[in-house]
Amino acid sequence: MVFVKSPDNKTLILNLNPSTTTRQALSLHIQRNYLIPIAQQRLYLSHRLLSTPENDAVLLSHLGVSPNSTLTLHVPFLGGMQAPVAPKKLEFLGTRPPPNYVAGLGRGATGFTTRSDIGPARSAPDLPDRSAAAIGVTAPPGAAAVGRGRGKGTGDEDEDEDPEEKGYDENQKFDEFEGNDAGLFASAEYDEEDKEADAVWDAIDERMDSRRKDRREARLKEEIEKYRASNPKITEQFADLKRKLYTLSTADWDSIPDIGDYTSKNKKKRFESFVPVPDTLLEKARQEKEHVSALDPKSRGVGGTETPWGQTPVTDLTAVGEGRGTVLSLKLDRLSDSVSGLTVVDPKGYLTDLKSMKITSDAEVSDINKARLLLKSVTQTNPKHPNGWIAASRLEEVAGKIQAAQHLIKRGCDECPRSEDVWLESCRLASHADAKAVIAKGVKAIPNSVRLWMQAAKLEQDDTNKSRVLRKALENIPDSVRLWKAVVELANEEDARLLLQRAAECCPLHVELWLALARLETYENAKKVLNKAREKLPKEPAIWITAAKLEEANGNTAMVGKIIERGIRALQREGLEIDREMWMKEAEAAERAGSVATCKAIIKNTIDVGVEEEDRKRTWVADAEECKKRGSIETARAIYEHALTVFLTKKSIWLKAAQLEKSHGTRESLDALLRRAVTYIPHAEVLWLMGAKEKWLAGDVPSARAILQEAYAAIPNSEEIWLAAFKLEFENQEPERARMLLAKARERGGTERVWMKSAIVERELGNTAEERRLLDEGLKLFPSFFKLWLMLGQLEERLSNLDKAKETYELGLKHCQNCIQLWLSLAHLEEKVNGLSKARAILTMARKKNPQNPHLWLAAVRAEARHGNKKESDILMAKALQECPTSGILWAASIEMVSRPQQKTKSRDAYKKCGDDPHVLAAVGRIFWHDRKVDKARSWFNRAVTLSPDIGDFWALYYKFELQHGTEETQRDVLNRCVTAEPKHGEKWQAISKAVENSHQPSEFILKKVVVAIGKEEHAAENSKN
């Protein structure tokens, strides 16, 4: 990219490579994109001219132009660097020619006249004469004549020359584009048509510019971003250094010299003048500080208990009060609108303000008076408006005048006897003894008001009296569901049943009453009630669902599915659309109510509604998973059961159903499901293996063997089944049977895993020679399987044959060049035998062969740290983070390497780069752990083990933290979760779990040993620091 500064001080951005672009190609690019001819281009680099003919075929890089260089473009006559110099005229051109002089006459030339001599055919526009003679100004004697410098004489012989003879008018404005005539139509009038034409052309220009605007702006934005990326700001370049400033001590800060002001304007000594303080100011200050213990003569007349008016600051309190009143009146005027003598206000909004009003000063009293006058105007102009009376009474209540408030609301009841709100407000303001009388008047005035009857019942203290009031209300309003519900709640079970019967007769369209009555009735009567309800409400699905629950509760589970099926058909006949989501929610509600059969029946009959045939599998599995997340296990089980009736041979659905039974079912239900699964899909290895594993975990080893035998009969050449049978025998301390199974597997042409398992068996049995033989034979068959090379090298290390181990690792790297574990094992062996330098060389070679591998970088950093090379390890860590900026394991190690004050900043940077990496989460959790922030540490550890449950190191950290700060319950929970997850990876976890002495140990045992190892490592680190 090259930048060119144009004559108009704009920077042109050219996306060119100086190493492949010649000087002539650069000029062509400028001409093509910016319409500047090559002949007029003058390109400069600093003060050196590049636009020379000998440089046309030279590359820009050879001329000293590098990427992001800035060239200067000069264009002659279009913004040159200096003003044009006037040409030097000959002396005789300024003198007056002799009389009768004809140019060229002596050479035989004759005179002729052209159109340019006589001007255009049209007459010049009539312009006012702006000469000095026309204006009436007389030139002083001896003054130079006009045009003397252009060769005119001093005489008046040319004054009578007509502009028409010259062909142009000197006073006419010169146009830079069209010349002296200022256009062909300069004298024409600019009318509306011209204006409309100009507007059309302007719109066209704007439209054409807008079409290119997006591309131009996008290109400019891209060029600016590239420029900023290649030329970062100084603040961005030194951000990491500025972040490290907090490590400086106070002494380091004090040792930094202060920058002085070296500008020229401050080099001169400024003149400072000092003026003495006048005596009057000193005398005034002395009087202010003076303490007088005698009483003022003016205050003695009243015994010294009053302060004279003249000694207090003059404050016009009346004016302040009037100002507050004016402000309030302006606010109220904005709220109100005076139309033909009537004042209209919004009392509802004012009621809300009155609720929070508290009187704290006299000024607020005046505010209340203003509001009182306004509300008085409201009640007088519109006495039938109930909200005005309520607002006025609440205003008096806020002012503390309860009697006035009661009087006003009483007048409101008289003026607005049909308003419920006025009667309720009157009841609220009245005392308890008077409230009953007030509400009695209200229900007499409005006998059909449910709110007034409910308030009347609320005033009663005894349930019997409340029930009596509500029954009286039902006589006036028999179709009020609210009143029926209230009176039923107060009655006993028998009375409630009778009341609900009457309520269902009075309000037959309310399904809640029918369902409540059905719940109180006996089985036979409940069926009759639901039949009546179905006749009254044929489009209500809740009635059918309640009928199904009723049958299930009475043991008639066979009728549940028929009722739901018949109900859906009846609803469809009534024109009701079956909402699949609503019915699924009803199924979950039925499950929560304990009606499992109803739940399954609803799912069976509605799961297909509105689902395309090709989307059934995906939709049903998603519905089951969502139900599982919400805790609706029976609903999810019902969905899977229905799906398995449709997709009998889909292994994924069988697996998800098995996982559901494993998590929330019993061993018997899981075994039955897996038995069904292998019946329909006999070639699914995972289903056979899951069934055998569940039997093994339950302690039924013979059943597990039987399942594996059946699986082998169904899939005779399955290596997974062979290995599962081997593991079953090996974990149950049957090495001979395991060895025999592996021998048969090798005879049948087993893969590299069979040879590896065979070597593991011999290693644990202590048969070194047999182990070596199996590894050698396996490497001959599978030379690219790195685990066999690792096992052979580890065997040689255990036997102290370090040279052979080194040869094994090197030979393995020839076949498996990208195996990181082989590189790490070789480097560790070299460090142990030949020291750090040899290990450093091997790790460097490994990084060259396998770039951007965080494990190799981490091994190099730790090797330097083990030998005390703190500076080298920091340098390597910085390079590692540059090459692998999103590696969580490197960021976690970097956080552990820095000091405690720097860990928070480093962890913040790590979280920005890879916030979802479990290594970073665990490292941040350790920081909170050390800071005693228990809840935060527990949360971060929980996130780490949730994201990567297979890494045992995180479980060990979490368990160690709970042992220190948690309860027995939390410790047991972490332990159980770890056992369930069965972690297999982790640096410390693998080192302990794969040790020979720890084979066949459960996850709980390995977890506790890893916790002990972490504790020893932390203790050793603290001792090394001390």
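These figures come from a predicted structure and were not determined experimentally. Every chain begins its residue count from 1, and numbering advances along the sequence as written. Only residues with pLDDT of at least 70 are given local features in this predicted model, and only at 80 or more are side-chain atom pairs given and counted; all residues enter the totals for whole chains, interfaces and linings. Processing note: side-chain calculations cover all non-hydrogen atoms of the structure and skip hydrogens and water entirely.

Draft legend 1. Representation of the overall build of the protein chain within the structure. Working definition: helices are DSSP H or I runs of at least four residues, strands are E runs of at least two. Numbering for both runs from the N terminus. A tally of regular secondary structure across the protein chain gives 51 helices and 7 strands. Burial classes follow relative accessibility: with a 1.4 Å probe on protein chains only, a residue under 20% of its type's maximum area counts as buried, one over 50% as exposed, and anything between as partly exposed. Classification of the 1026 residues of the protein chain by burial places 34% in the buried group. Long-range pairs, those at least 24 residues apart, make up 53% of the contacts in the protein chain between residues at least 6 apart in sequence. Just so you have it, the protein chain exposes about 65300 Å², and 52% of that area is on carbon and sulfur atoms. Residues count as neighbours in contact if any of their non-hydrogen atoms are within 4.5 Å of one another. In these tables, accessible area is a Shrake-Rupley quantity obtained with a 1.4 Å probe, and a residue counts as shielded only by the protein chains included in the view.

Draft legend 2. Focus on the packing of aromatic side chains. Note on aromatic pairs: the rings of Phe, Tyr and Trp (six-membered ring only in Trp) are paired at centre separations within 6.5 Å, and the planes decide the class, stacked below 30 degrees, edge-to-face beyond 60, tilted for the rest. Tallying each qualifying case throughout the model produces 10 aromatic pairs. With 5.6 Å between their ring centres and 85° between their planes, W929 and F961 make a pair best called edge-to-face. One end of the pair, W929, is in helix α46 (residues 918–930); the other, F961, is in helix α48 (residues 952–965), and 32 residues separate them in sequence. The class of F961 is buried, set by a relative accessible area of 0%.

Draft legend 3. How the structure looks around the sheet that holds strand β3 (residues 42–45). By the convention used here, strands pair only if DSSP detects at least 2 bridges between them. Taken in spatial order, the 5 strands make up an open sheet running β2-β1-β5-β3-β4, and their pairing is mixed. Both outer strands of the open sheet, β2 (11–14) and β4 (48–49), are each paired with one neighbouring strand and no more. Relative to strand β5 (residues 70–74), β3 runs antiparallel, the two sharing 3 bridges. Each residue of the ladder has a partner; that of L43, found in β5, is L73.

Draft legend 4. Structural detail: the pairing of β5. Only one face of β5 is buried, namely the one carrying L71 and L73, since none of T70, T72 and H74 on the opposite face is buried. Relative to β5, strand β1 (residues 2–5) is paired through 3 bridges, and the arrangement is parallel. Across the sheet, residue F3 finds its bridge partner in β5, namely T70.

Draft legend 5. Structural detail: empty space enclosed by the protein. Cavities and pockets are found on a 1 Å grid laid over the protein atoms alone: a cavity is a set of points where a 1.4 Å probe fits but cannot escape, a pocket is an open set with protein on both sides within 12 Å along at least five of seven lines, and a lining residue has an atom within 4 Å of such a point. Grid points are joined across faces, edges and corners, and a volume is the space filled by probe spheres set on the points. All told, the structure shown has 3 cavities of 30 Å³ or more when counted by the stated rule. Quantified by volume, the second largest cavity comes out at close to 60 Å³. Together, D671, L674, R675, V678, L687, W688, G691 and I707 line the second largest cavity. When contributions to the lining of the second largest cavity are tallied by element, the ones reaching two or more residues are α31 (667–680) and α32 (685–697). Counting residues per element, the lining of the second largest cavity draws most heavily on α31, at 4 residues. In this count, Pro and Cys sit with the nonpolar residues alongside Ala, Val, Leu, Ile, Met, Phe, Trp and Tyr, while Asp, Glu, Lys and Arg are called charged and the others, Gly among them, polar. In the lining of the second largest cavity, the residues fall into 5 nonpolar, 1 polar and 2 charged.

Draft legend 6. View of the pattern of salt bridges. Salt bridges, as used here, are contacts in which a Lys or Arg side-chain nitrogen is within 4 Å of a carboxyl oxygen on Asp or Glu. Counted by the stated rule, this structure contains 51 salt bridges. R866 is the salt-bridge partner of E831, the closest N and O atoms lying 2.8 Å from each other. Here E831 is found in helix α40 (residues 820–834), whereas its partner R866 is found in helix α42 (residues 854–866), with 35 residues between them in sequence. You can call R866 exposed: its relative accessible area is 52%. Linking R862 and E987 is a salt bridge whose minimum nitrogen-to-oxygen distance equals 2.8 Å. With a gap of 125 residues between them, R862 in helix α42 and E987 in helix α50 (residues 987–993) connect regions that are remote in the sequence.

Draft legend 7. Layout of the packing of helix α25 (residues 557–573) against helix α27 (residues 596–606). Only the stretch in contact is used when fitting a helix axis, every axis being a line fitted to C-alpha atoms; angles between N-to-C directions are given from 0 to 180 degrees. At their nearest, the axes of α25 and α27 sit 9 Å apart, and the two run at 40° to each other. In terms of orientation, α25 lies oblique with respect to α27. As α25 packs across α27, the resulting crossing turns out to be right-handed. Of the residues in α27, those touching α25 at T557, V560, G561, I564, E565 and I568 are A597, T598, A601, I602, N605 and T606. A breakdown of the residues in the contact of α25 with α27 according to their chemical character gives 6 nonpolar, 5 polar and 1 charged. In these notes the angle categories are as follows: under 35 degrees is roughly parallel, over 145 is roughly antiparallel, 65 to 115 is roughly perpendicular, and the rest is oblique. Note on convention: the crossing is left-handed when the near helix lies turned anticlockwise from the far helix by less than a right angle, right-handed when the turn is clockwise.

Draft legend 8. View of unusual backbone geometry. Positive phi values are uncommon outside glycine, yet R932 reaches one of about 65°. When you line up the elements, R932 lands in the loop between α46 and α47 (934–947). Relative accessible area serves as the criterion here: at 57%, R932 is assigned to the exposed category. Here the phi dihedral of E982 falls at roughly 50°; this positive angle occurs in a residue that is not glycine. Secondary-structure assignment places E982 in the loop between α49 (968–981) and α50.

Draft legend 9. The arrangement of the nonpolar core in detail. Grouped together as the largest cluster of nonpolar side chains are 128 residues, with contacts concentrated most on L483, I639 and L687. If we ignore the near neighbours within four places in the chain, the residues touching L687 are W654, L655, L674, A677, V678 and I681. In these notes, a set of buried Ala, Val, Leu, Ile, Met, Phe, Trp, Tyr and Cys residues joined through side-chain atoms within 4.5 Å is what counts as a nonpolar core. In terms of nonpolar packing, the next biggest core, distinct from the first, is built from 76 residues, L775, I842, L858 and F961 among them.

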